[in-house]
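One-letter residues, chain by chain:
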Amino acid sequence: MRRDIVITLEGISYKKKRQYLLNQIDGRINKGDCITLFGPNGAGKSTLMKIMAGLNKPSRGKRSVQFHKKNPIGYVPQQIALFDGLTVKDQIKYYQKLTKQTSTDFVEVMIKELGLKDILNKRINQLSGGMKRKVNLAVGVIHQPEILFLDEAFVGVDLATKYDMLKWLNHLNAQGTTIVFITHDWYVINQLKPSMWILDQGEMLDQVNWNAVPYANIKSGSNALKKMFDVDLSR
Ligand SMILES: Nc1ncnc2c1ncn2[C@@H]1O[C@H](COP(=O)(O)OP(=O)(O)OP(=O)(O)O)[C@@H](O)[C@H]1O
């Protein structure tokens, strides 16, 4: 079955201070895809994600999008962007209003699935780092985006919290939300079962399914990238 294309990237390059941070990246994201941008520190993952999300303009190349909603993108940044003094409940209400999300059903299901009920009346500055990540995810998807970008959304999250977040993401993906994420966590990759776009030093080396990692073409990659693959294979 042919699925709708959401984003197409053709020959995307990104230059900063005469240095190419991304070089000739091609790719296609279809509706309902789950994709991880994978590679060592400094590979260019966050830079590429920002271009995909329309937050950065490429120096060269073309990004085409086919969106259907008015507010199609959800972007959960590495930095937690919440108001310290607000309660979780008020935080959710604030973003609900801001994004004109009128489906209280969706918000209720999210609160239940993400396990936010017990912390609704807590202020953000009373929450642990992992709990803040959960709330950060909740506000990032509150408007039911067509495509969700997650830049290292699981840093410092314990396994129980991760379980809730992954269950919710799998649920959204099964409902048709396209997901693109960055993580250094193999557990997260194994749970979300994504296609892996393997990046190193601004180059796209291969695109493989998560369970075809042993066959990925990383020959021209750095030692750092090779070590990352060794870690997986020796588990
Ligand atoms: N504004 C900028 N000016 C100059 N260099 C930059 C800028 N932003 C990023 N870089 C450089 O571009 C490269 C890619 O950065 P990017 O944050 O995209 O990598 P990443 O793969 O997401 O890394 P990490 O896993 O550490 O988050 C790095 O070498 C970084 O130092």
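Check the entry above for the structure.
Treat the numbers as computed from the prediction; the structure is a model and nothing was measured.

## Topic: the sheet that holds strand 6 (residues 147-151)
Here is step 1: With respect to topology, six strands assemble into an open sheet ordered 5-6-7-3-8-9, the strand pairing being mixed. What marks the edges here is a single partner per strand, and that holds for strand 5 (73-76) and strand 9 (203-209). On average, each strand axis in the sheet is tilted by 15° relative to the strand beside it, whichever way the strands run.
Here is step 2: Packing of helix 1 (residues 45-52) onto the sheet brings it into contact with strand 3 (34-38), strand 5, strand 6, strand 7 (178-182) and strand 8 (195-200), and relative to strand 7 it is tilted by some 155°.
Here is step 3: Its contacts with the sheet put helix 4 (residues 129-140) on strand 5 and strand 6, and the angle it makes with strand 5 is roughly 165°.

## Some remarks on the side chain of Lys45
Here is step 1: On the secondary structure map, Lys45 appears in helix 1.
Here is step 2: For the buried Lys45, no salt bridge is present, and the opposite-charge side chain at shortest range is Glu152, 5.4 Å distant.
Here is step 3: Within the local environment of Lys45, its side chain forms a polar contact with the backbone oxygen of Pro40, the two atoms lying 2.9 Å apart.
Here is step 4: Beyond its immediate chain neighbours, meaning those up to four positions away, Lys45 contacts Leu37, Phe38, Gly39, Pro40, Ile182, His184 and Leu199.

## So, the site of the ligand
Here is step 1: Contacts to the ligand come from Lys16, Leu21, Pro40, Asn41, Gly42, Ala43, Gly44, Lys45, Ser46, Thr47, Glu152 and His184.
Here is step 2: At a separation of 3.0 Å, an oxygen atom of the ligand approaches a polar side-chain atom of Asn41.
Here is step 3: In this structure, an oxygen atom belonging to the ligand sits 2.8 Å away from a main-chain N or O atom of Gly42.
Here is step 4: Coverage of the ligand by the protein amounts to 61% of the 640 Å² it exposes when considered alone.
Here is step 5: Residue contributions to the shell around the ligand peak at three residues, all from helix 1.
Here is step 6: Looking at the shell around the ligand, its residues break down into three nonpolar, six polar and three charged.

What counts, and at which threshold
- Residues numbered from 1 in each chain as written.
- Predicted model: local features only at pLDDT ≥ 70, side-chain atom pairs only at ≥ 80, totals over all residues.
- Heavy atoms only, no water.
- Pairing = 2+ DSSP bridges.
- Helix = DSSP H or I, 4+ residues; strand = E, 2+ residues; numbered from the N terminus.
- Axes fitted to C-alpha atoms, helices over the stretch in contact; angles between N-to-C directions.
- Contact = heavy atoms within 4.5 Å.
- Buried < 20%, exposed > 50% of the residue type's maximum accessible area, 1.4 Å probe, protein only.
- Lys, Arg positive; Asp, Glu negative; His and termini not counted.
- Salt bridge = Lys/Arg side-chain N within 4 Å of Asp/Glu carboxyl O.
- Polar contact = N/O pair within 3.5 Å; in protein donor to acceptor, adjacent residues only side chain to side chain.
- Near = heavy atom within 4 Å.
- Areas by Shrake-Rupley, 256 points an atom, 1.4 Å probe, with all protein chains shown as cover.
- Nonpolar A, V, L, I, M, F, W, Y, C, P; charged D, E, K, R; others polar.

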